[in-house]
Amino acid sequence: WKTYLNRPATDGFQNVSIGILGSALRVSGLAEEALPVLEASLASRRRNWSHDEECILTAQNNLANCLDHLGREGEALVLQRVVYAEAVNLLGISHENTLLSGLNLASSLGALELYEESKLLVRHQLLPEARRSLGVDQAVTLKLNQTLANGLCFDPKCTRDDLLEAE
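Residues numbered from 1 in each chain as written. Predicted model: local features only at pLDDT ≥ 70, side-chain atom pairs only at ≥ 80, totals over all residues. Heavy atoms only, no water.

*Asks:* When you look at the packing of helix 4 (residues 53-69) against helix 5 (residues 73-91) in this model, what are you seeing that I'm missing?
*Replies:* The relative placement of two packed helices comes down to the angle between their axes together with the axis-to-axis distance. Following both chains from N to C, one finds helix 4 and helix 5 inclined at 155°, their axes separated by 8 Å at the closest point. Relative to helix 5, helix 4 is oriented roughly antiparallel. The two elements helix 4 and helix 5 meet at a crossing, and its hand is left-handed. Together, Glu 53, Glu 54, Leu 57, Gln 60, Asn 61, Leu 63, Ala 64, Asn 65, Leu 67 and Asp 68 of helix 4 and Glu 73, Glu 75, Ala 76, Leu 79, Gln 80, Val 82, Val 83, Glu 86, Ala 87, Leu 90 and Leu 91 of helix 5 make up the contact between the two elements. The class makeup of the residues in the contact of helix 4 with helix 5 is 11 nonpolar, 4 polar and 6 charged. (Axes fitted to C-alpha atoms, helices over the stretch in contact; angles between N-to-C directions. Helix = DSSP H or I, 4+ residues; strand = E, 2+ residues; numbered from the N terminus. Parallel < 35°, antiparallel > 145°, perpendicular 65-115°, else oblique. Left-handed = near helix turned anticlockwise from the far one by under 90°. Contact = heavy atoms within 4.5 Å. Nonpolar A, V, L, I, M, F, W, Y, C, P; charged D, E, K, R; others polar.)

*Asks:* I'm lost on the pattern of salt bridges in this one. Help?
*Replies:* A side chain of one charge can pair with a side chain of the opposite charge if their charged atoms are brought near each other. Under the counting rule described, the total for this entry stands at 5 salt bridges. Between Arg 132 and Glu 129 there is a salt bridge, and its shortest N-O distance comes to 2.3 Å. With a gap of 3 residues between them, Arg 132 and Glu 129 both fall in helix 7 (residues 115-133), about one helical turn apart. Each of Glu 116, Lys 119 and Asp 155 takes part in a single network of salt bridges with overlapping partners. (Salt bridge = Lys/Arg side-chain N within 4 Å of Asp/Glu carboxyl O.)

*Asks:* Where do I start with the nonpolar core in this structure?
*Replies:* As a rule of thumb, nonpolar side chains are buried together in soluble globular proteins. Ranked by size, the top nonpolar core spans 17 residues in total, and within it Leu 63, Cys 66 and Leu 67 carry the most contacts. Broken down by secondary-structure element, the contributors of at least two residues to this core are helix 2 (12-27), helix 3 (31-48), helix 4 and helix 5. Setting aside residues no more than four positions away along its own chain, Cys 66 makes contact with Arg 26, Ala 31, Ala 34, Leu 35 and Leu 38. Counting residues in hydrophobic clusters, the runner-up holds 16 residues, among them Leu 77, Leu 105, Leu 109 and Val 140. (Core = buried A, V, L, I, M, F, W, Y, C linked by side-chain atoms within 4.5 Å. Buried < 20%, exposed > 50% of the residue type's maximum accessible area, 1.4 Å probe, protein only.)

In structure tokens, the structure reads:
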């Protein structure tokens with residue numbers, strides 16, 4: 001990333017490298033250090049590439065993941081809702097990136113014990129579309145199945161039928 005640091009702020013390589021640096025810091029367990037880098041990446045993309053909505057969605061998603069890693073689940077959830085809604089509008093429900101955004105949202109809802117909302121999202125929107133567009137054995141589809149099973153099992157209001165569905 002240092003190679004691109006001295007490039008103009010409008011340089012695409014400079015911005016992408018900052019985003020990669022932020023993501024690398026986060027996955028390396030350095031979420032505190034990643035946060036300002038990811039915030040700067042998002043601000044730069046909004047300022048210099050406001051026409052590239054998919055690029056902005058990616059930066060927002062990376063920031064939401066970092067907030068989640070920092071234990072700021074409420075803030076992450078707000079941003080994940082925005083990312084998912086915008087991805088549906090921009091890319092369509094069947095696009096893999098939209099389904100991934102929905103998976104992130106559903107996982108966060110479950111982590112915050114908002115099981116009903118998570119189950120509804122996965123059961124009625126995401127999982128049927130993932131099965132249709134990606135296939136039943138694709139990684140995103142399998143993760144959606146797992147997310148639904150977790151929501152069914154961990155919900156204190158789960159019924160016997162929920163547990164059977166989770167199998």
